[in-house]
Amino acid sequence: MKFNSAELSSFAQKPSVYFEKEGLLKIHRKSRTRQRKHQELTERWCRLKGNLLFLMKNRSSTSDLAEVIVLERCDIVECSDNRSAAFTVKFQSGEPEIYLEAVSKSDCEDWIAALREANSEGLQRRIVQLQQFIMEIKANTSPDGIHQILPLPEIQSPLISIGKTPFEPKLEFSLACKELVATTRERKPNSFVQITIINPTQQSLIRYSNTETVERSFLGSATFAVGDLLKSDEQTLTINLSPLDGSSKVGTIVVSNLKMGENETEETDQSPGEVSRPKPTSFCGNLLHRSIKDPENSSLLDSVFKNIIWKVYRLPTANGRWLCVREQMAETTLSFLIPKQMIALFIQEDMRRLQDLEELGELSAHWDTLRQNVTIHYQHMISSYKEMLTELNKFSGSSFKPSCSRGEKKLEFIPVNLHLQRMHVQSSSTKTDGIYDVVTIGAPAAHIRGFRNGGLRRQLYRFEGEKRNSSYQYIYYSPEDTTKAKEVITNIYKLQPLILSNTELLLTAARQHSTDSLKDSLKTLSEITEQFVHAFEDQLLRSALLALHKARPSYINKRQPNPTHNPDGSEQQCENNERRSSKDSIPHHAEYDEEDWDRVWVNVGKSLNCIIAMVDRLLEQVDIEQQCKVEPSAVNQITSSASDDWYEGLYPLVVTLKDCVKEVIDRAKKAMVFVLLQDCGSNISQALALHQRRDVVFSQALAGLVCGFVIKLHTCLHDQDFLLQLHTVGLLVQFEGLLSTYSEEIGMLEDMSVAIIDLQKVTFKVGEAHLEESASTNLFPVVTGIRDFYTVEVQLPSRLFEVLPQEIKDGKLLRVHPVFFNIGINEQQTLAERFGDISLQEIINQENFKLLSKYYKIFQENLTSNCLPQFQTQIDIKELFQSLSQNIQVRKRKNVEVLKLAASICRRLNGIRVTSCKSAKDRTSMSVTLEQCVILQEEHSLHPDYFARALDCMRSSYAKGTVNDTDDPEAVSDNRPTSSHFYPVALLLVSSHLLVVWLILSLALLLAKYQ
């Protein structure tokens, strides 16, 4: 048997709390050869840990280890003499027996029981006894008695320590351990409680929940029937805790039924100081659904949130009452659903871009080469996106990306650790009940692409500078012009089908001679056509048409001078001037007829006016006919003739309108595609790499935003004030960042800031889903649009859709206003604040404070404060804004007050809260749990003495449902810098005098060496 003697000696000297039992024993090892009449006994201080019995020379904490006995394949036999307190350890291998003598008879019995349970044979005996115990319960318990009380969960994976069940909990009870027997002297017992449900029909045990494991040392067990608990007078049972052999009582278990969902009307007689310590009790269920009033809404959320883990805490308030706090964490299917939709939209848009490039027609040699190069790069990007989408479609399992999968290429678009964290508070006063949601997500960043050159913010700024100063011949358009070009293309794809469909409705109404339908169709057609005309009323279109005209081969051939007439080299000078002018600004040329575009564009409005005039004339004829008194046969003849006249009169005008719209769209789309072609002019590979990086981080951020919007909409579906705010001024979304401005995290911060800026162009729309009840679980959000202009449609069943305001039912687009505040809180931020640069964090906070103030200003102009939720804290929201402004301006290290104030403002303005750090684990969980406890104290009067205790309960690894340490190799080192960077930098920079001394000594050594 191999062992490390030094390690065993070191462990043997540990404190008493590390051992199951210890005490004084007299020991003698019997000899094989001779037997003495009077055996010499040696006193040893014995310590038992697991299957190892340590024999120390004396009781001192620094005593040397004399011997270690491995208690395997051995029998513990009590001596036959009843008066002696001795026993023998007999080994099956034939080794000499060990004679041990205790101080007293009772002490001897305790040692025998402890040593018999210390080896593997003891564990096997315990398993057999438990199996027999289970069979006895099955034989004595009625199957119907259990199913009527509690629906049993179905645990799909044995690795999950907390059960997850879609059922509503029918029973909530608490367990309290009292009078537990300590196994060693001067040691308090550390209880571990495990709840196991017996299902007689399935003849199985289900591990339902348990407390956090500190040290496994089996003490005893107790059982009770749920029916006995409910039938008791005070609904409380006191059960004796006994070991398996039933030899003695080792403690008491008190089981109490809790009606925490109901408000307590009676006053409690105990003051908070006299209340026994509340133990957090774990339950399994789906509280997300319980908090929603409508049961149909519950089934709808089943398709979005999965694997919900939740815990219940019973906490005392300052006025002697109790708080029921239900904390839950849920994964969401949107982690994969939204990115897959985004990748499909990226592929569709890029393929359409390739088609539009081909439809540009003939271009000069220079522009045609650029088009071919861009086409090749787009084809490569489309191919990579298709492969990634194929891999994601093959993926099966949990809708969750752990932080250890950040380096997987196929999961690049998937957000890290996206969860919904909800706290539902119920108290004896219904006025203080509340639901608080926080979406937690790893910082949206392109981890696979690295941060050697910084993040998106820095790379985009550098790329724009290179475009301005590039010597490559192309036309420079600002980012605003590029966005405007995308907006024009979006309007083309959106408005053209609407115009065509409404013209057909107009002709159908004319053919049916329906005046009401004719009026409605004309009104809709007029509104859409006016939007169409105004969409192309921009100077960018005129300049782009001129630039496209100059890129045609006909223009180049016409403008190309004859070399024979320029012997002095003026031809080269002409080309240089032409190249410089095309790069520095948008070109202009006198021969191009700009009025031609104006005529085409204005013809759309003129065609619409002709249709309006014709419809008015037809309606006037109807009025005249109704006033005239003619015979019925003549009326029928006039009606038939008028119906033919209506259709024949409108048809040519409708055809003219369609032709004008088609011509405008053809010219405008080509011009805008040419503008987008210039975006890749200076460096195609770099431009498309930035496109891909931006797609990655935007996809991750959008998944978190949609998750927050869905749960906010369903939670406040019956709040008319919130719905009024939603369609009037939009919804505030506050992102809280905990990233440092040091090393790679500054690149993540740059990626995240750009992704949140891009979310400003996202709009939401609520639609009605006409589905059967069985199909309600497939109501997933649907994303449509192109880059910079995406719309997310959230579908609701008809019953829920009816409660919405008319504006939302009519399809009004709902805007979101994302803001982002970041404060680094880890050790790397300490280095950045002392020796680095934190200007990026300051700039981001200042920019987003302006956006937050702008949103509040819009809110004040359109709504009153009565639309906002009411809070117990009496601080005015204007004071919060003033305090936030002061904290942003002041230079203070790790000023977390900025995050606290921003979160308070967001809750006051009925917004969505999103918290993130590098992996959405350590720093994020610390922030969320602290925020929850602060809310309990400020808004629900949590007793001050229980603040730290509640915080510890929520921060326990079991309560938060964190992954194992082996799941993420960076879990331990996530919040501290690498030692190879930290210690040298800290030593030299903090101790500047040592640096000077080191330089002087180095210089002296060099001089001595060369002399």
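Residues numbered from 1 in each chain as written. Predicted model: local features only at pLDDT ≥ 70, side-chain atom pairs only at ≥ 80, totals over all residues. Heavy atoms only, no water.

(A) Quick look at helix H27 (residues 922-940). With 19 residues, H27 ought to run about 27 Å at 1.5 Å a step, and its terminal C-alpha atoms sit 26 Å apart, in line with that. Those residues of H27 that fall on the buried side of the exposure criterion are Arg 923, Thr 924, Ser 927, Val 928, Thr 929, Glu 931, Gln 932, Cys 933, Ile 935, Leu 936, Glu 939 and His 940. Looking at the residues trailing H27, positive phi occurs at Ser 941, about 60 degrees. (Helix = DSSP H or I, 4+ residues; strand = E, 2+ residues; numbered from the N terminus. Expected span 1.5 Å × (residues − 1). Buried < 20%, exposed > 50% of the residue type's maximum accessible area, 1.4 Å probe, protein only.)

(B) Representation of the packing of aromatic side chains. Applying the stated criterion to the full structure yields 14 aromatic pairs. Ring geometry for Tyr 385 against Phe 413: centres 5.6 Å apart, planes inclined by 90 degrees, an arrangement best described as edge-to-face. One end of the pair, Tyr 385, is in helix H9 (residues 365-394); the other, Phe 413, is in the loop between H9 and strand E16 (419-427), and 28 residues separate them in sequence. Each member of the pair, Tyr 385 as well as Phe 413, is classed as buried. (Phe/Tyr/Trp six-rings, centres within 6.5 Å; stacked < 30°, edge-to-face > 60°.)

(C) Geometry of the packing of helix H8 (residues 334-358) against helix H18 (residues 684-715). Between H8 and H18, the shortest axis-to-axis distance is 9 Å and the interhelical angle comes to 135 degrees. Taken together, the axis directions place H8 and H18 in an arrangement best described as oblique. You can see that H8 and H18 cross each other, and the crossing is right-handed. Of the residues in H18, those in contact with Leu 334, Ile 338, Pro 339, Met 342 and Phe 346 of H8 are Asp 695, Phe 698, Ser 699, Leu 702, Ala 703, Val 706 and Cys 707. (Axes fitted to C-alpha atoms, helices over the stretch in contact; angles between N-to-C directions. Parallel < 35°, antiparallel > 145°, perpendicular 65-115°, else oblique. Left-handed = near helix turned anticlockwise from the far one by under 90°. Contact = heavy atoms within 4.5 Å.)

(D) Summary view of the sheet that holds strand E8 (residues 173-178). The sheet built from 3 strands is open, its strands ordered E8-E12-E11 with antiparallel pairing. With partners counted over all chains shown, the strands left at the sheet margins are E8 and strand E11 (236-241), one partner each. Taken over all neighbouring pairs, the strand axes of this sheet differ in orientation by 20 degrees on average, direction set aside. One ladder, built from 6 bridges, connects E11 with strand E12 (residues 251-257); its direction is antiparallel. Note that in E12 the partner of Thr 238 across the bridge is Val 254. (Pairing = 2+ DSSP bridges.)

(E) Representation of the packing of helix H25 (residues 877-889) against helix H26 (residues 897-908) in the model. Packing of H25 against H26 brings their axes to within 9 Å, and their N-to-C directions diverge by 155 degrees. On the basis of the axis angle, H25 is roughly antiparallel to H26. H26 is crossed by H25, and the crossing has left-handed handedness. Together, Ile 877, Leu 880, Phe 881, Ser 883, Leu 884, Asn 887 and Ile 888 of H25 and Glu 897, Val 898, Leu 901, Ala 902, Ser 904, Ile 905 and Arg 908 of H26 make up the contact between the two elements. For the contact of H25 with H26, the residue count by class is 9 nonpolar, 3 polar and 2 charged. (Nonpolar A, V, L, I, M, F, W, Y, C, P; charged D, E, K, R; others polar.)

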